[in-house]
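# Survey of secondary and tertiary structure
The chain contents come next:
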Amino acid sequence: MMYEVDISDAMDWIAHTDWLGNPAEEYSVSRKETVLDFSVQEPGRGMKWSRHFEEPIDLANMTYVIVHYRAEGIAASGDYFLYLNGNVGDSTKEFYVIMPGDLEDDGRWRTAIAEIPYASGGLRGLNWIAIQVQAKTTAARIQVKSIAFTSEKPILSLADILELSYDWDQAILSSDSFDVIDLSPYCNANSSEKLSRMG
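This write-up is about the structure you can find in this document.

### Focus on the overall build of the protein chain
Across its full length, the protein chain carries two helices and 11 strands. Each helix and strand of the protein chain, placed in order from N terminus to C terminus, yields the pattern β-β-β-β-β-β-β-β-β-β-β-α-α. Every one of the 199 residues in the protein chain was classed for burial, and the buried ones make up 40%. For the protein chain, the proportion of contacts with a sequence separation of at least 24, taken over those separated by at least 6, is 77%. Surface exposure of the protein chain reaches about 11,300 Å², of which carbon and sulfur atoms provide 46%.

### A few points about the packing of aromatic side chains
Applying the stated criterion across every chain, the model contains eight aromatic pairs. When the ring of W19 is compared with that of W128, the centres are 5.6 Å apart and the planes differ by 45°; the resulting orientation is tilted. You can see W19 sitting in the loop between β2 (13–15) and β3 (27–32) and its partner W128 sitting in strand β10 (residues 122–134), a full 109 residues away along the chain. Owing to a relative accessible area of 16%, W128 belongs among the buried residues under this scheme. Ring centres 5.4 Å apart and planes at 40° place the aromatic pair Y80 and Y83 in the tilted group. Both residues of the pair, Y80 and Y83, belong to the buried class. Three or more aromatic residues joined by ring pairs form one cluster here, namely W19, Y80, Y83, Y96 and W128. Above the ring of W109, the side-chain terminus of K145 is found at 4.4 Å from the ring centroid.

### Points about the side chain of S39
Note on placement: S39 falls in strand β4 (residues 35–40). Residue class for S39 comes out buried when judged on its relative accessible area of 4%. There is a polar contact of 2.5 Å between the side chain of S39 and the side chain of Q41. Residues within four places of S39 in sequence aside, it is in contact with Y27, S28, W49, A140 and R141.

### Things to note about the layout of surface pockets
Rolled over the atoms, a probe sized like a water molecule indicates the empty space that remains. Here the second largest pocket is characterised by a volume of approximately 250 Å³. Considering the residues around the second largest pocket, the lining is formed by 12 residues, among which Y69, D102, T111, A112 and I113 are closest to the centre. Elements with a contribution of two residues or more to the lining of the second largest pocket: β8 (91–98) and β9 (110–115). If one sorts the elements of the lining of the second largest pocket by residue count, β9 sits on top with five residues.

### Concerning the pattern of salt bridges
A side chain with one charge may pair with a side chain of the opposite charge, provided their charged atoms come close. Within this structure, the stated rule accounts for six salt bridges. A salt bridge links K32 to D37; the shortest N-O distance between them is 3.9 Å. In this structure K32 comes out as partly exposed when scored by relative accessible area, which is 39%. By relative accessible area, D37 is classed as buried at 1%. Between D105 and K136 there is a salt bridge, with its nearest N and O atoms 3.6 Å apart. You can see D105 sitting in the loop between β8 and β9 and its partner K136 sitting in the loop between β10 and β11 (140–150), a full 31 residues away along the chain. If you follow the salt bridges from partner to partner, you end up with K32, D37 and R141 in one network.

Rules behind the numbers
- By convention here, each chain's residues receive numbers from 1 onward along its written sequence.
- Local features are withheld for residues below a pLDDT of 70 in this predicted model, meaning they are given only at 70 or higher, and side-chain atom pairs are given and counted only at 80 or more; totals for whole chains, interfaces and linings count all residues.
- Hydrogens and waters are ignored; side-chain quantities use all the structure's heavy atoms.
- Here a helix means four or more residues in a row that DSSP labels H or I, a strand means two or more in a row labelled E, and each is numbered from the N terminus.
- Burial classes: relative accessible area under 20% of the type maximum marks a residue as buried, over 50% as exposed, and values in between as partly exposed (1.4 Å probe, protein chains only).
- Contacts were defined at the residue level, with two residues in contact if any of their heavy atoms lie within 4.5 Å.
- Areas reported as accessible are Shrake-Rupley estimates using a 1.4 Å probe. Residue values count occlusion only from the protein chains shown.
- Whether two aromatic rings pair depends on their centres lying within 6.5 Å, for rings of Phe, Tyr and Trp, where Trp uses its six-membered ring; planes under 30 degrees apart make the pair stacked, over 60 edge-to-face, and the rest tilted.
- We call a charge positioned above a ring when the Lys NZ or Arg CZ atom is no farther than 6 Å from the ring centre and deviates by at most 35 degrees from the ring normal.
- Polar contact is the term for a pair of N or O atoms within 3.5 Å; when the atoms are in protein, one must be able to donate a hydrogen and the other to accept it, and sequence-neighboring residues count only if both atoms are side-chain atoms.
- A 1.4 Å probe that fits but cannot get out identifies a cavity on a 1 Å grid over protein atoms alone, an open set with protein on both sides within 12 Å along at least five of seven lines counts as a pocket, and a residue lines either if it has an atom within 4 Å of a point.
- Grid points are joined across faces, edges and corners, and a volume is the space filled by probe spheres set on the points.
- By convention in these notes, a salt bridge is any Lys or Arg side-chain nitrogen within 4 Å of a carboxyl oxygen on Asp or Glu.

This is the structure:
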């Protein structure tokens, strides 16, 4: 069971300069091809954006959130990267599900996975979400390709963990050039498709 949030329109995201102590004056959110680009142009500054939904989204039994992103120049500070405001039972609760320090700041596409805390049955209504970007010593940006919720903890593909080359001739190593490591605790996707493409 999965639900993917509609992030197709950058105009849905509202900036909040009064939500943080170091708001940037130069910031933007824009749609670039298939991704949303959240950008802060001032070092040491940040911005928060919220996306409200016309009706609460029922995420019953969906206890995991998955964000496909890439980040550059971000600081590992701030109270969240991804925030959720949702209904659990008869109460409205706040969830700080992915922290800035959980993100990889290397400009590569990555997948962040988090369990929604204290919501074992999922959210009966997702009211709104928020994203924060904090710049370190240069301008910073986080590009988001997708935000999804699922009932089962997803398995990362090998491409989310390793840089893969499809040129088998360049991939050949002598037996003393590598060590075998067990990746099964982190990912367990079928590699047959990747191996066949590598020859």
